[in-house]
Amino acid sequence: TLDNISVREAPKIVWAPHNLALNSNDLTSWVNAWSGGVTLTPDDNVGPDGVNSLAKLARIDSANDAIFTSFDLTAGLTYTVSFVAKAGTSTRSQVFLYDLGAGGTSSSLSFSWGSPPTTTSSTNATNIDYADLGGGFYRISFSMVPNTTASHRLVVRPAYTGTSNEYIHFGQVTLYRSDLD
């Protein structure tokens, strides 16, 4: 028989949002997009966490060179994208959500590298933040609301302007529903 059982002594279950961006620290499973894609060097830079957690993303030959990962989102819900990045030789980068259901970009954030980075343009991106992590690293985040319930792509263009081989260090990507944090 069991006796002296107390619910007060049971461990507390705490819910936390899960990351919808799969392989957020292993960008080798992300897909090259459009033009020539990007040159990816995994674990190229020691991140603010003290380990080689950031990949080097270098533009090959076009401002459209990009890398992406896919996931399903629900229309009308707010999602927040967050990532750690550090400028290499790139002066301007872009991150956007491509909606495969609508066949176009539903939100985007373009920014110039500086101290801190500054937004050069945004479409349907809210709560934009550039948190300084020190050492030239920034946790960049923004929120958006998808237009359709469909598969979406989170697309990163490391050098949206400039010349070939410009690069950034990028990683530690999170994507979660904002109403569940």
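Conventions adopted
Along each chain, residues carry numbers from 1 onward, in the same order as the chain's sequence is written. With pLDDT at 70 or above as the cut-off, local features in this predicted model cover only qualifying residues; side-chain atom pairs require 80 or more to be listed or tallied, and sums for whole chains, interfaces and linings still use all residues. Calculated side-chain values reflect all of the structure's heavy atoms, with hydrogen atoms and water omitted. Note on ring pairs: Phe, Tyr and Trp rings are taken, using the six-membered ring of Trp, and paired if centres are within 6.5 Å. Classes follow the plane angle, with under 30 degrees stacked, over 60 edge-to-face and the rest tilted. For the purposes of this entry, the term helix denotes a DSSP run of H or I that reaches at least four residues, the term strand denotes a run of E that reaches at least two, and both are numbered from the N terminus. Buried means the residue's accessible area, taken with a 1.4 Å probe over protein chains only, is under 20% of the maximum for its type, while exposed means over 50%, and partly exposed covers the values in between. Definition of nonpolar core: a set of buried residues of the types Ala, Val, Leu, Ile, Met, Phe, Trp, Tyr and Cys, connected through side-chain atoms within 4.5 Å. The contact criterion used throughout is that any non-hydrogen atoms of two residues lie within 4.5 Å. In this analysis, strands are considered paired if DSSP registers two or more bridges between them. As a rule, the C-alpha atoms of each element are fitted with a line to give its axis, helices using only the stretch in contact, and angles between N-to-C directions run from 0 to 180 degrees.

> Got a minute to help me understand the packing of aromatic side chains in this structure?
The description of an aromatic ring pair rests on the distance of the ring centres and on the angle between the ring planes. If you walk through the whole model with that rule in mind, you get 5 aromatic pairs. For the pair Trp30 and Phe170, a centre-to-centre distance of 6.3 Å together with 75 degrees between the ring planes defines the contact as edge-to-face. One end of the pair, Trp30, is in the segment before strand 1 (31–33); the other, Phe170, is in strand 12 (residues 167–177), and 140 residues separate them in sequence. Each of the two residues, Trp30 as well as Phe170, counts as buried. A ring pair is formed by Phe83 and Phe170, whose centres lie 5.0 Å apart and whose planes are at 40 degrees; its orientation type is tilted. Of this pair, Phe83 sits in strand 5 (residues 79–87) while Phe170 sits in strand 12, and the two are 87 residues apart along the sequence.

> What am I meant to see in the nonpolar core here?
Across soluble globular proteins, nonpolar side chains have a tendency to be buried as a group. Residues Phe83, Ile140 and Phe170 are the most contacted members of the largest nonpolar core, which totals 30 residues. With sequence-adjacent residues up to four places away left out, Ile140 is seen in contact with Val81, Ser82, Phe83, Ala85, Leu109, Phe111, Trp113, Asp129 and Tyr130.

> Got a minute to help me understand the sheet that holds strand 5 in this structure?
Hydrogen bonding along the main chain pairs the strands of a sheet, whether they run parallel or antiparallel. Read across the open sheet, the 6 strands follow the order 2-3-12-5-10-9; overall the sheet is antiparallel. The two strands at the open ends of the sheet, each matched to only one other strand, are strand 2 (38–46) and strand 9 (126–134). Taken pair by pair, the neighbouring strands of this sheet meet at an average axis angle of 30 degrees, ignoring direction. In terms of strand pairing, strand 2 meets strand 3 (residues 52–59) through 6 bridges, oriented antiparallel. Looking across to strand 3, one finds that Leu40 is bridged to Leu57.

> I tried to follow the environment of Asn45 on my own but got confused; where do I start?
Secondary-structure assignment places Asn45 in strand 2. Sequence-wise, Asn45 and Phe170 are 125 residues apart; in three dimensions their C-alpha atoms are separated by 8.9 Å.

> How do you make sense of the pairing of strand 4 (residues 66–73) when you look at a structure like this?
Regular strands show a simple pattern: their side chains alternate between the two faces of the sheet. Here strand 4 lies mainly inside the structure; 6 of its 8 residues are buried. In terms of strand pairing, strand 1 meets strand 4 through 3 bridges, oriented antiparallel. Bridge assignment links Asn32 to a residue of strand 4, and that residue is Ile67. Relative to strand 11 (residues 150–157), strand 4 runs antiparallel, the two sharing 7 bridges. Looking at the pairing, Ser70 lines up with Arg153 of strand 11.

> Sorry, what's going on with the environment of Thr39 here?
Considering the arrangement of structural elements, one finds Thr39 in strand 2. Between the alpha carbons of Thr39 and Ala55 there is a distance of 10.0 Å; along the sequence they are 16 residues apart. The residues contacting Thr39, other than those within four sequence positions of it, are Lys56, Leu57, Ala58 and Ile60.

> Help me out: how do you make sense of the sheet that holds strand 6 (residues 92–99) in this one?
Strands sit in the order 1-4-11-6-7-8 across an open sheet of 6 strands; the sheet is antiparallel. Both outer strands of the open sheet, strand 1 and strand 8 (118–123), are each paired with one neighbouring strand and no more. Going from strand to strand, the sheet's axes swing by 25 degrees on average, the running direction of each strand aside.

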